[in-house]
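Descriptive analysis of the structure
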Amino acid sequence: MKPSRHTIAVEGPLDLPLTVTCGQAFRWQRVAVDAVAGKAASGEAAETWSGVVEGAEVRAVARQGELQVDCLGRDPGRDAIVRYFRLDENPESHLTHAPELRAIPGFTGLLGMRLLRQEPWETLVSFICSAASNVRKISGGVEGMAERWGDPIAGSDRRAFPSPERLAAVRERDLRALGIGFRAPYVLGTARRLARDPWDWGALRRAPIEEARATLQALPGVGPKVADCVLLFGLDRLDTYPVDRWIRRATLELTSRRSARDEDLERWSRSLGPSRGYLQQILFHLRRTGGPLPSIAGLHAVTRTPRARRRKAS
DNA sequence: TCCTCTCCTTGCTT
DNA sequence: AAAGCAAGGAGAG
């Protein structure tokens, strides 16, 4: 089968390697590095990355304001690629509600790190596996599930991510064999629930944020952080602010605090505007690869919020 | 109700 | 080489 090619103009900056390796997606692999004519001498090269989008293998190269994509298997179509890579919007548009972040050294240089619009089911499993883990191990688990139980892709040696029904039928020890450890029963439990009662992801995408979070958190292995990651990376909800250990440190530093509940840090993040999830991803990378962040306190206060919520059903 | 502590796997890093 | 660490969650106390 001949791959179908899409060449798409990119609105604003795009750093493809960073976008697919920064910890939001786990199935991207670098397959080649091509020297760019005229830039090879300066050491610049365009990397080709392979991923799986909507059941097709996608091979992508970014160069001079455009993204070139070859699709193997059933072509998901140009619009799907635009959607997935968020090529239809300029990342700059997400900074308008929080111009003070522009002053953080290195921040604007990371605007090419785009938030992908990924598939919710794969995102859910990926972030259940992310608990107290690292990108490399998460990738091993997720890719291993696809290799063992995913449908093959015509003309490709890669496989689609397995459905909830498929994973629900898997033995726990076979999941553990992929190295995901104590997260295996969580993945299995969640797969069985969704296999029994499939979710209307579209409805969840449009639901009030607190309702969507509560729905996700009812699943085994899904707490506040994982739920927010699924909303942000899998359901196109930029109005979330997943608080993990790095974002906790970053946010405490930005607000000049020694400690605060995660819930209060999330609440403070609302002052960053409706695209705070986009900014979160940049702060995450900035804090993890760099050092402490400068304070931007005084502009917004951290307020402690009254608490009243439910427990998770067994 | 809320907070804190511990355990849960594994493999790479210091 | 033993301990620390890594996009947390669940259960106990």
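If you're wondering where the values come from, they're calculated on a predicted model, not measured in any experiment. Residue indices follow the written sequence of each chain, beginning from 1 at its first position. Labels are handed out in written order, letters beginning with A for the chains and numbers beginning with 1 for the ligands. With the structure being a predicted model, the display of local features is reserved for residues of pLDDT at least 70 and the display and counting of side-chain atom pairs for 80 or more, all residues being used for whole-chain, interface and lining totals. The basis for every side-chain value is the complete set of heavy atoms in the structure, and neither hydrogens nor water enter the calculation.

Remarks on unusual backbone geometry
Phi at Arg-86 takes a positive value of approximately 55°, unusual for a residue other than glycine. A run of DSSP states H or I qualifies as a helix once it reaches four residues; a run of E qualifies as a strand once it reaches two. Both are numbered from the N-terminal end. Checked against the element boundaries, Arg-86 lands in the loop between helix H2 (78-85) and helix H3 (120-128). Buried, partly exposed and exposed residues are distinguished by accessible area as a fraction of the type maximum, computed with a 1.4 Å probe on protein chains only: under 20%, between the cut-offs, and over 50%, respectively. Arg-86 gets classed as buried once you look at its relative accessible area, which sits at 1%.

Quick look at the confidence of the model for chain A
Interpreting fine coordinate detail is not advised for predicted regions of low pLDDT. Chain-level statistics for chain A give a pLDDT mean of 92 and a share of 91% at 70 or above. Here residues 308-314 scores under 50 on pLDDT; set against residues more than four positions off or in separate chains, the count is seven contacts. The pLDDT score gives, residue by residue, the confidence of the prediction method on a 0 to 100 scale. When checking whether two residues touch, look at their non-hydrogen atoms; a contact exists if any pair is within 4.5 Å.

Quick notes on the nonpolar core
For the purposes of this section, nonpolar cores are sets of buried Ala, Val, Leu, Ile, Met, Phe, Trp, Tyr and Cys residues that join through side-chain atoms within 4.5 Å. Judged by nonpolar contacts, the single largest core of 40 residues is most densely connected at Trp-121, Leu-124, Met-145, Leu-167, Leu-175 and Val-187. Contributions of two or more residues to this core are made by H3, helix H4 (135-149), helix H5 (164-168), helix H6 (172-180), helix H7 (184-196), helix H8 (201-206), helix H9 (209-217) and helix H10 (224-234). For this core, the leading source of residues is H10, giving seven residues. The next biggest cluster of nonpolar side chains, apart from the first, holds 26 residues, and it includes Phe-107, Leu-111, Trp-268 and Leu-283.

As for H9
Among the residues of H9, those classed as buried are Ala-212, Arg-213 and Leu-216. The buried side chains of H9 occupy one side of the element, clustering within an arc of 100° when seen end-on. Against the buried residues of H9 lie H8, H10 and helix H12 (262-269). The directions considered for the arc run from the helix axis to the C-beta atoms.

Notes on the layout of surface pockets
Both site types are read off a 1 Å grid over the protein atoms alone. A 1.4 Å probe that fits but cannot get out defines a cavity, while an open set with protein on both sides within 12 Å along at least five of seven lines defines a pocket; lining residues have an atom within 4 Å of a point. Grid points are joined across faces, edges and corners, and a volume is the space filled by probe spheres set on the points. In this structure, the second largest pocket occupies an estimated 560 Å³ of space. Taken together, 24 residues form the lining of the second largest pocket, with Ser-130, Ser-133, Lys-225, Asp-244 and Phe-284 sitting closest to its centre. Counting residues per element, the ones that place at least two in the lining of the second largest pocket are H4, H10, helix H11 (245-254) and helix H13 (276-289). For the lining of the second largest pocket, a count of residues per class yields 12 nonpolar, six polar and six charged. In the scheme used here, Gly and all other residues not listed as nonpolar or charged are polar, with Ala, Val, Leu, Ile, Met, Phe, Trp, Tyr, Cys and Pro taken as nonpolar and Asp, Glu, Lys and Arg as charged.

Some points on the pairing of strand S5 (residues 66-72)
Among the seven residues in S5, six count as buried, and that is most of the element. Where strand S4 (residues 56-63) meets S5, seven bridges bridge the pair, whose relative direction is antiparallel. Looking at the pairing, Ala-62 lines up with Leu-67 of S5. For two strands to count as paired, DSSP must find a minimum of two bridges between them. Hairpin connection, S4 to S5: the antiparallel pair is bridged by two residues, and Gln-64 has positive phi, about 30°.

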